[in-house]
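# Observations on the three-dimensional arrangement
Here is what each chain is made of, one letter per residue.
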Amino acid sequence: MVSSPVKELKQKKKIHDYSQQVWGSDYVFERINEGIMGYMTGIGKSIKAGDRIIFRQGCESYQYQIEEIDYYSDPSDMWMALLKQVTID
């Protein structure tokens, strides 16, 4: 069965909270374009393009949408993603 585009649009995108994770240990984030975009490497499963990630740097919280994501083959739960900053809902 082929899923319809309408059903795909209705699927809720997940928000992954990395604000309690440790930068440099649990994930690495590299800002590009003055922080509008960035590359992030992290660990976690079931993270997909369109999902959002929240993380902290210092006292500030940031929310980014995953534009592209690629999982490593080993370990299989490690990934690298291209992110685009969005406003926190």
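Residues numbered from 1 in each chain as written. Predicted model: local features only at pLDDT ≥ 70, side-chain atom pairs only at ≥ 80, totals over all residues. Heavy atoms only, no water.

## Focus: the overall build of the chain
- Each helix and strand in the chain was counted, giving one helix and six strands.
- The order of helices and strands in the chain, counted from the N terminus, is α-β-β-β-β-β-β.
- Counting every position in the chain, which comprises 89 residues, the buried fraction comes to 29%.
- Across the chain, every contact between residues at least 6 apart in sequence was considered, and the portion connecting residues at least 24 apart equals 50%.
- Accessible surface computed for the chain: about 6300 Å², of which carbon and sulfur atoms make up 52%. (Helix = DSSP H or I, 4+ residues; strand = E, 2+ residues; numbered from the N terminus. Buried < 20%, exposed > 50% of the residue type's maximum accessible area, 1.4 Å probe, protein only. Contact = heavy atoms within 4.5 Å. Areas by Shrake-Rupley, 256 points an atom, 1.4 Å probe, with all protein chains shown as cover.)

## A word on unusual backbone geometry
- The omega torsion of the bond from D74 to P75 falls at 0°, within 30 degrees of zero and hence cis.
- Even without being glycine, N33 reaches a positive phi, approximately 55°.
- Positionally, N33 belongs in the loop between β2 (27-32) and β3 (37-43).
- When its relative accessible area of 48% is taken as the criterion, N33 is described as partly exposed.

## Describing the packing of aromatic side chains
- Taken as a whole, this structure holds seven aromatic pairs when the rule is applied.
- Considering the side-chain rings of Y18 and Y27, the 6.1 Å spacing of their centres and the 90° angle between planes classify their relative orientation as edge-to-face.
- A relative accessible area of 7% places Y18 in the buried class.
- Given the relative accessible area of 2%, Y27 is considered buried.
- A ring pair is formed by F29 and F55, whose centres lie 4.7 Å apart and whose planes are at 45°; its orientation type is tilted. Here F29 is found in strand β2, whereas its partner F55 is found in strand β4 (residues 52-57), with 26 residues between them in sequence. A single burial state applies to F29 and to F55, both of which are buried.
- Put simply, the rings of Y18, Y27, F29, F55, Y62, Y64 and W79 touch in pairs and so form one group of aromatic residues. (Phe/Tyr/Trp six-rings, centres within 6.5 Å; stacked < 30°, edge-to-face > 60°.)

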